[in-house]
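The lines below spell out each chain.
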Amino acid sequence: MQTRPWNRVFVGIVAILASLAASVPADSPSSEGVFYDVNLHVLDGGIGGGSQTGVVGDFNEDGHLDMANSIKGTGKTLLSLGRGDGTFLTPGILHQGGVTYDLIAADLDGDRHLDIAVSEYETSGVLVLAGNGDGTFAKAKAFPCTASNRLAVGDLNSDGLPEIVAPNLILWNGGGLDFSRMSPISLAPSGFWNLEIVDMNRDGRADIVGLDTQQNSIHILLNLGDEQFAPVSDFPTDIRPYRFDLADMNEDGYLDAVVSDVGTPQIGLMFGDGTGALEDPLFVPISMPSPYAYTNDINNDGHPDMILSGINNLTMMIGTGGGNFEPESTYLGPDMIRGLLIGDFDGDSNADLALWRYGSSDIYIIRGSSDGTLQIPYMIPACREQIEESTIHRSGPAQVILEDVNGDGREDAITLSSGGIALMFLLRDSSGAFEEPILTNAIDGNWQGRCALAAANLNGDAFPDAMLWGDAEQSVAVAIGAGDGTFMVGQRIPVLANSANCSILSLDAADFDRNGTDDLVVGCGDGLEIYLSNGDGTLATTPTLKLEDADEFVAGELNGDHIFDLVASSSTTCTLTLHFGVGQGGFQDPRSLPMPFWGRDFVITDLNADQAPDLLLTNSTSDEFCVLLGQENGDFSAAVTYSFAGSGYPIWASFAPPVCADFNGDGFVDVAAISGGTNRLAVLPGRGDGIFGDAVHYFVGNTPTSLATGDLDNDGVADILATNSDSLGISILLSQRTAQLPIDGWMAK
């Protein structure tokens, strides 16, 4: 654990507490959400292989969008009725049959009610369910055909009734939901992967467009009228495609194709010429390989935009007209995204997203905004590809801290990756956005195991230095900050010889001897050591203090004498030991405090605005934490226990100590922690007297590993950064106290 001393992390927080405390009733802590979140909708009670495909429509005609999903491996098609606020009722079974491959929704019989067509792969062919307009459907009518998978719907013979197109086959609509008359389509033997029925040459007749993933091309069948079609036109994609979407991307009045590529970070744009032909592809580089590309006017400005869903995150490219786009905005999304639907699920006239993951029955509902941003945390890509023996290893950041490394007055993110990368940092520019991550070579070594990171001022020059400890190295390496965003190679000192056998690695820094430079505290779960600074960027090689029975620790000022103290925990005795500093690097005899449970992570901060630091301690075996309110003389009250309710996992299982700050702008310190084993952040609002309200939970990322807090958008309210090892980046949760969030803040350039 690397927890900054309380009077450094929260400079300015304590000063505003007293002045703002009177403006909020003491008995009514706010439990409203202070961060954007993702609504979670569960399909099929967690049974089955997750959604295979989905479709949206107002099936009960109440003015709210509903959603139908097929569940992989179960033969079930489920219907979830929308409430109109971005949430859905518990899904019911719409159809139970064979292996469902695709769904489409349209008024197939002309009664002005939406119907649903289902393709059952290699079993019964196409089934049609007549909608009654109230969310119920008649029994399915089966129309057997061979190897049907993807479906499309459109009126191919201009009789007012839409046909259904399956690969290599047209099911003609005879009225009354009769699709028994079928005609083969002369296509490549491999068939179409996905289909669209649109007017490609603007002659008033619907044409058939499909993607052939075996021949790596788009096929177009132009409609000649009288149920006749021209020979297939073949347009190579020059990539390995697996999905396409159609929209007028360059706004010339003709439909264009947006093609997703397999394995490479690019999107292909094939512009239509109005005759039914597509031009050779142009390639748009993007940040992620193998995305699913979708088109929609997300910000309602009349220009088509692109939404890209990848393995570990979600990005958006806002169209500016003429086929041009703004740089990608990267958002935090669920990992292993399998499919995406777009619709206004909350009735605010803005496009929202519904995502589902491989092998999961969860649907993630992400609300959109009128400015084209998504109401979820932003994601900063912060990974690096390391090539070893022709194998590419990608690893996300393991820890993050905030420090101003280039002297511009803005805190930058220093992060540590778990995949052999020593140290990288992300500078913030004058607009407040984070720039691309920079890898420093100031610390060499083997950092592929457990590591800990801390910032300190070791030479008194006011520029932050970095300290890194890894169990494979058995030593702490120092990088000296130059104040311009670069670091120089510093000292390396051996520490805690038995650290290779410990489960915890912890670093912290504080000026225990009051010489104007920080000293080092290092612990491994089975003891801790303090090394005093020499004042010149180096540390003493012999520890001034050694504690053998210490699991975890935190440094901070406890008794109001402006001298740093030390708090350590012991699992053997289930006690806290308070070591009060004397100012020369030494300590008084320790005091002991009983712990209500075996605690691991600590925070020192003022929770009740009395100018005396308090202690917050998390439980190592449950989702509880306790608060010990401090007094000016260093005494503490009896512990009061709270819960991060809803996790069922120990907080420490995520190796992310809690953070404390004012997250909702009411002037009181709140507490936030990651529930171990989950991707949720629990935030408990404080009311200024050391008492907290109920936890509010937020989606924070895939495998979160550490938290940091600071006012990233300069609105006077603390925001949160969270590292996500599986999302290969750092998620940014901006506080919503202000009505308007920055449009282009906290995204990768």
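Everything quoted here is computed from the prediction, not taken from an experiment.

Rules used throughout
Residues numbered from 1 in each chain as written. Predicted model: local features only at pLDDT ≥ 70, side-chain atom pairs only at ≥ 80, totals over all residues. Heavy atoms only, no water. Pairing = 2+ DSSP bridges. Helix = DSSP H or I, 4+ residues; strand = E, 2+ residues; numbered from the N terminus. Axes fitted to C-alpha atoms, helices over the stretch in contact; angles between N-to-C directions. 1 Å grid on protein atoms, 1.4 Å probe; cavity = no way out; pocket = protein on both sides within 12 Å on 5 of 7 lines; lining within 4 Å. Points joined across faces, edges and corners; volume = space filled by probe spheres on them. Nonpolar A, V, L, I, M, F, W, Y, C, P; charged D, E, K, R; others polar. Buried < 20%, exposed > 50% of the residue type's maximum accessible area, 1.4 Å probe, protein only.

Can you walk me through the sheet that holds strand 10 (residues 152–154) in this structure?
Strand order across the open sheet formed by four strands is 10-11-12-13, with antiparallel pairing between neighbours. Sheet topology places strand 10 and strand 13 (182–184) at the edges, where each strand pairs with a single neighbour. Each strand axis lies, on average, 20° off the axis of its neighbour in the sheet, ignoring direction.

I keep staring at the layout of surface pockets and nothing clicks. Help me out?
With a probe scaled to a water molecule rolled over the atoms, the places where space remains empty come into view. The volume enclosed by the second largest pocket comes to roughly 1,000 Å³. Around the second largest pocket sit 32 residues that line it, and Gly-54, Arg-243, Tyr-294, Leu-340 and Leu-341 are the ones nearest its centre. Within the residue set of the lining of the second largest pocket, elements represented by two or more residues are strand 2 (51–57), strand 6 (100–106), strand 10, strand 14 (195–198), strand 20 (241–247), strand 24 (292–296) and strand 30 (337–343). Across the lining of the second largest pocket, the residue classes break down as 19 nonpolar, seven polar and six charged.

I tried to follow the pairing of strand 3 (residues 66–71) on my own but got confused; where do I start?
Regular strands have side chains that alternate between both faces of the sheet. Of all six residues in strand 3, six are buried, a share of seventy percent or more. Residues Asp-66, Ala-68 and Ser-70 line one face of strand 3 and the alternating positions Met-67, Asn-69 and Ile-71 line the opposite face, and both faces are buried. Pairing geometry for strand 3 and strand 4 (residues 76–80), over five bridges, is antiparallel. Across the sheet, Ile-71 pairs through a bridge with Lys-76, a residue of strand 4. If you look at the hairpin formed by strand 3 and strand 4, you'll find four residues sitting between the two strands, and Gly-73 has a positive phi there, around 80°.

Would you mind showing me how to read the sheet that holds strand 48 (residues 553–556) here?
Note on sheets: strands pair through backbone hydrogen bonds, and any given pair is parallel or antiparallel. Within the open sheet, the four strands sit side by side as 48-49-50-51. Their pairing is antiparallel. Unpaired on one side and paired on the other, strand 48 and strand 51 (591–594) mark the two borders of the sheet. Each strand axis lies, on average, 20° off the axis of its neighbour in the sheet, ignoring direction. Relative to strand 49 (residues 565–570), strand 48 runs antiparallel, the two being bridged by four bridges. Bridge pairing in strand 49 places Val-554 opposite Val-567.

In this structure, what is going on with unusual backbone geometry? I would like to understand it.
Leaving glycine aside, a negative phi is the common case for residues, and trans is the common case for peptide bonds. Positive phi outside glycine occurs at Leu-177, with the angle close to 60°. Residue placement: Leu-177 occurs in the loop between strand 12 (169–171) and strand 13. The class for Leu-177 is buried, based on a relative accessible area of 5%. In this structure, Asn-216 takes a positive phi of about 55° despite not being glycine.

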